[in-house]
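Each chain is listed here by its residues.
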Amino acid sequence: MSAAEKAKGRVLLPNLVQPTRYEVKLTPDLDQYVFDGQQSVEVEVQEATAEVTMNSRELRFGAVSFTADSDPDKVIEAAAINTNIKDMTVTFVFEEILPVGKGKINIEFTGILNNQMAGFYRSNYKDFNGNTKVMASTQFEAIDARRCFPCWDEPAQKAVFAVTLVVDPTLTAMSNMPERCSKLIKVGSKTLKEISFMDSPKMSTYLLAIVIGEFDYIQDQTKNGVLVRVYTPPNRTSDGEFALATATKCLDLYDEFFGLPYPLPKLDMVAIPEFAAGAMENWGLVTYREVDLMIDQKNASNQQKQRVCIVVTHELAHQWFGNLVTMAWWDDLWLNEGFASWCENWAADVINPQYKMWDQFPFDTLGPALRLDSLESSHPIQVPIARAETVDEVFDAISYCKGASVIRMAHAVIGHEAFRKGLQAYMKKHQYSNTETFDLWSAWSESSGTAVKDLMSTWTEQMGFPLLEVKSFKIEGSVAKLSLEQSWFLSSGKVPPEEKTWNVPLLIRTAKQTGRDAVMMTSKTMDVEVPLGAGETADEAFIMINEGIVTPMRVSYTPEMLQRLPKAGSAGKLSALDRSGLLM
């Protein structure tokens, strides 16, 4: 599917005016649950127009004006401000046609610090003395930056962000970048602190973040000099030590793996008392549900430690895959989340090999994907998304778990070195920009010499997965001969309503030979001859078709093969991973 075909039907903002840099100043009132905003957006007017449409939700507007860089003394005021509640947009109608070229749109607005854990929202918490306090934080993914400031709230509309916050001087205020400067100012009868942060890299609106509240922190530094901090409620910094150690090791690991150093000068990880998801990968300011960041190391179970570890490694994978290189539109959300879900296991396995992450993968990740995908009500990994507000419908086990499973399959087929080399080329070529799924397939094809797009498209563009049935099995001398047939597997047992085929990588092992190259099955039926290992007798021989449980499928063996495999397991000839495959 081409980029043009994928883009058909998408509801996007007009592209007559495009942002390059936002200066956003916010003054939240934690007592009244509102905030005042001022912003100046540097834009490129691509085509002369009197109207500029941006995304906006639950915002009220004051003065709006435009100045062209070519004539900075001339201020063009907005004559009308039209909001569209259904489309979540605001259109500024100016008194004159805006000239083509660079300029600035200046906007005054107010908003609500809501309690919906979306946009710019408030959380209640108890301080050390048991008093109820209020803090503020943001959650913009997928389409809630527009609740905080008017913007082009689409992943492909990347821009630089310069944030200024005006807050109570006793509170800690954070954004994606380090503080640039601060000063005390008078606002009415109050003395407040105005904090300006450094310019961000070019990034999507959903990755901008703000946190304001009472925190303590602990810190460390990576080998490449990145300052890593974990912010916790006051007097609980010891509960952040495990996450801090994990994050510091993880950033060093990813620097090497992705082939590009982490591009920001700092990484903050913050525990939020009221948080809808497990965590959010805001660039340089990752927010977490408290239980997914903070644990008492002395009393925490291994399961709790593992949970914190994989949430941290997942979110930090996004700092490259998702933040540095971003999907062009929400229909490729699966790749963003699927890759990070694969990467969380890979990194956790390197950092803490005692967790044996890949032994758990079939039950924790592949299993949930197959259960959902075996239903007739399932959906493909990659689904068209016309309107951005429907994106939450695909935040499910198909996006995360099946996505991770097919990435793991690709990794097994092309090998780790080709996988890493192609990924590094992809990151280097597309850094600070946007991509489609097939851009990654192209990079892996070039690094491996494998037609990755042909392999992956049958798994991402159609729902379901195959049942691979061994129709016949026999051993003749030193060769095992198998006749295979694939069909669409439905857990209901019903006859599938249509015939489907997948490009199925067969990773076949015998008693004496493991790690063979994949054999590709691209048709409904296939005959396969498998050489047995040297010294492998017919009596002890066995064939396992999906070594490592790499391909997302179910295998139906013949009765004879099923007799041989448990014996091999009892004799210690099957890994824990392969034994688990016999139970799925």
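Residues numbered from 1 in each chain as written. Predicted model: local features only at pLDDT ≥ 70, side-chain atom pairs only at ≥ 80, totals over all residues. Heavy atoms only, no water.

## Regarding the layout of surface pockets
Heads up, the rule is: Two kinds of site are reported from a 1 Å grid over the protein atoms alone, namely cavities, where a 1.4 Å probe fits but cannot get out, and pockets, open sets with protein on both sides within 12 Å along at least five of seven lines, and residues are called lining when an atom falls within 4 Å of a point. Grid points are joined across faces, edges and corners, and a volume is the space filled by probe spheres set on the points. Here a strand is any run of E in DSSP of at least two residues, a helix any run of H or I of at least four, and the numbering for each starts at the N terminus. Note that Gly is not counted as nonpolar here; it falls among the polar residues with everything else outside the nonpolar set of Ala, Val, Leu, Ile, Met, Phe, Trp, Tyr, Cys and Pro and the charged set of Asp, Glu, Lys and Arg.
Estimates place the volume of the largest pocket at around 950 Å³. Lining of the largest pocket is provided by 36 residues; of these, Ala277, Gly278, Ala279, Phe395 and Tyr400 occupy positions nearest its centre. In terms of residue count, helix 3 (residues 302-318) provides more of the lining of the largest pocket than any other element does, 7 residues in total. A breakdown of the residues in the lining of the largest pocket according to their chemical character gives 16 nonpolar, 9 polar and 11 charged. Volume-wise, the second largest pocket comes out at about 460 Å³. Around the second largest pocket, the lining comprises 22 residues; the ones closest to its centre are Pro28, Leu30, Asp31, Asp168 and Lys190. For the lining of the second largest pocket, the elements supplying multiple residues, two or more each, are strand 1 (17-29), strand 2 (34-45), strand 9 (132-139) and strand 13 (190-197). Looking at the lining of the second largest pocket residue by residue, the class counts come to 12 nonpolar, 3 polar and 7 charged.

## Focus on the pattern of salt bridges
We apply this condition: Definition used for salt bridges: Asp or Glu carboxyl oxygen within 4 Å of a side-chain nitrogen of Lys or Arg.
One pass over the structure, following the stated rule, counts 29 salt bridges. Residue glutamate 194 pairs with lysine 25 through a salt bridge whose shortest N-O separation is 3.1 Å. Of this pair, glutamate 194 sits in strand 13 while lysine 25 is found in strand 1, placing the two residues 169 residues apart along the sequence. For glutamate 469, the salt bridge goes to lysine 471, with nearest N and O atoms at 3.5 Å.

## Side note on the sheet that holds strand 23 (residues 479-488)
Two strands in a sheet stick together by hydrogen bonds in their backbones, pointing the same way (parallel) or opposite ways (antiparallel). Basically, it comes down to this: Two strands qualify as a pair provided DSSP detects at least 2 bridges between them. Simply put, an axis is a line fit to the C-alpha atoms, just over the touching stretch for a helix, and the angle between two N-to-C directions goes from 0 to 180 degrees.
Spatial ordering of the open sheet is given by 26-23-22-27, a layout of 4 strands whose pairing is mixed. Of all strands in the sheet, those with a lone pairing partner are strand 26 (525-531) and strand 27 (554-556), marking the two edges. Between one strand and the next, the sheet's axes are offset by a mean angle of 30°, whatever the strand orientation. Bridge count between strand 23 and strand 26: 7 bridges; the pairing is antiparallel. Paired with alanine 480 across the bridge in strand 26 is valine 530.

## Things to note about the sheet that holds strand 14 (residues 210-213)
Spatially, 8-9-14-11 is the arrangement adopted by the 4 strands of the open sheet, whose pairing is antiparallel. Since the sheet does not close on itself, it has two edges, and those belong to strand 8 (119-126) and strand 11 (172-175), each with one partner. Neighbour to neighbour, the strand axes of the sheet diverge by 15° on average, direction disregarded. Here strand 8 pairs with strand 9 via 8 bridges, running antiparallel.

## Things to note about the side chain of lysine 500
Where we set the bar: For each residue, the accessible area found with a 1.4 Å probe, counting protein chains only, is set against the maximum for its type, and the residue is called buried under 20%, exposed over 50%, and partly exposed in between. A residue counts as positive if it is Lys or Arg and as negative if it is Asp or Glu; His and the chain ends are not included. Under the rule applied, a polar contact is a pair of N or O atoms within 3.5 Å (in protein, one hydrogen donor and one hydrogen acceptor; residues adjacent in sequence only if both atoms are side-chain atoms). Should any heavy atoms of two residues lie within 4.5 Å, those residues are considered in contact.
On the secondary structure map, lysine 500 appears in the loop between strand 23 and strand 24 (504-506). Buried and without a salt bridge, lysine 500 has glutamate 498 as its closest oppositely charged side chain, separated by 4.9 Å. Among the polar contacts made by the side chain of lysine 500, one reaches the main-chain carbonyl oxygen of methionine 463 at a distance of 3.0 Å. Look past the residues within four positions of lysine 500 in its chain and what remains in contact with it is Gln462, Met463, Gln486 and Trp488.

## Regarding unusual backbone geometry
Cis rather than trans, the peptide bond between glutamate 141 and alanine 142 has omega equal to 10°. Of note, the phi angle at methionine 88 is positive, near 55°, even though the residue is not glycine. You can see methionine 88 is positioned in the loop between strand 5 (71-84) and strand 6 (89-98). Take methionine 88: its relative accessible area is 9%, and that puts it in the buried class.

## Some details on the packing of helix 4 (residues 333-351) against helix 6 (residues 397-414)
So the rule is basically this: Working rule for angles: under 35 degrees goes down as roughly parallel, over 145 as roughly antiparallel, 65 to 115 as roughly perpendicular, anything else as oblique. Crossings are sorted by hand: turned counterclockwise from the far helix by less than a right angle, the near helix makes the crossing left-handed, and turned clockwise it makes it right-handed.
Running from amino to carboxyl end, helix 4 crosses helix 6 at an angle of 65°, the nearest separation of the two axes being 7 Å. Regarding the angle of helix 4 to helix 6, the classification is roughly perpendicular. The way helix 4 lies across helix 6 gives a crossing that is right-handed. When helix 4 is examined against helix 6, the residues Trp334, Leu335, Glu337, Gly338, Phe339, Ser341 and Trp342 are found in contact with a partner set consisting of Ser399, Tyr400, Gly403, Ala404, Val406, Ile407, Arg408 and His411.

## Details of the nonpolar core
Just so we agree on the cut-off: Residues enter a nonpolar core if they are buried and are Ala, Val, Leu, Ile, Met, Phe, Trp, Tyr or Cys, with the set joined through side-chain atoms within 4.5 Å.
By size, the foremost hydrophobic cluster in this structure holds 187 residues, and its most contacted members are Phe149, Tyr254 and Met269. At 11 residues, the largest contribution of residues to this core is made by helix 4.

## Focus on helix 6
Counted only if it meets this: Helix span is expected to be 1.5 Å times the residue number reduced by one.
Helix length check: helix 6 (18 residues) gives 25 Å between terminal C-alpha atoms against 26 Å at 1.5 Å per residue, within 8%. In terms of residue burial, helix 6 counts as a mostly covered element, since 15 of its 18 residues are buried. Structurally, the start of helix 6 carries an N-cap: the backbone nitrogen of isoleucine 398 is 3.0 Å from a side-chain oxygen of aspartate 396. Trailing helix 6 by a residue or two, glycine 415 shows a phi angle of about 90°, which is positive.

## Here's the deal with a nonpolar patch on the surface
The line we're drawing: Patch membership requires more than 30% relative accessible area and the absence of a salt bridge. Residues of like charge join within 9 Å; the nonpolar side chains Val, Leu, Ile, Met, Phe, Trp and Tyr join within 5 Å. Values of accessible area rely on a 1.4 Å probe in the Shrake-Rupley scheme; residue burial ignores everything except the protein chains shown.
Among the surface-exposed residues, Phe363, Leu582 and Leu583 lie close enough to one another that they form a single nonpolar patch of about 310 Å² accessible area. In this fold, leucine 583 is placed in the segment after helix 11 (576-581). We classify leucine 583 as exposed; its relative accessible area is 69%.

## Concerning the pairing of strand 3 (residues 49-55)
Along strand 3, 5 of the 7 residues are buried, which leaves the element largely enclosed by surrounding structure. Relative to strand 6, strand 3 runs antiparallel, the two sharing 6 bridges. In the strand pairing of strand 6, methionine 54 is matched with valine 90.

## Some words on the pairing of strand 7 (residues 101-112)
When strand 2 meets strand 7, the two strands line up antiparallel, connected through 12 bridges. Note on strand 7: the bridge partner recorded for glutamate 44 is lysine 102. In this structure, strand 4 (residues 60-68) lies alongside strand 7, joined through 7 bridges in antiparallel fashion. Opposite serine 65, over in strand 7, you have asparagine 106 as the bridge partner.

## Observations concerning the packing of aromatic side chains
Two descriptors summarise a pair of aromatic rings, namely the distance from one centre to the other and the angle between the planes of the rings. Note the following rule: Between 30 and 60 degrees the pair is tilted, below 30 it is stacked and above 60 it is edge-to-face, where a pair is any two Phe, Tyr or Trp rings, Trp via its six-membered ring, whose centres lie within 6.5 Å. Charge-over-ring placement is defined geometrically: NZ (Lys) or CZ (Arg) within 6 Å of the ring centre, and within 35 degrees of the ring normal.
Under the criterion given, the structure shown has 33 aromatic pairs. The interplanar angle of 75° and the centroid separation of 5.7 Å between the aromatic rings of tyrosine 254 and tryptophan 320 together place this pair among those described as edge-to-face. Of the two residues, tyrosine 254 is situated in helix 2 (residues 241-258) and tryptophan 320 in the loop between helix 3 and strand 20 (325-327); the sequence distance between them amounts to 66 residues. Summarising the burial analysis for this pair, tyrosine 254 and tryptophan 320 share the class buried. The ring of tyrosine 33 carries arginine 122 above its face, with NZ or CZ at 3.8 Å from the centroid. When the ring centre of tyrosine 217 is taken as reference, the NZ or CZ atom of arginine 229 above it lies at 4.1 Å.

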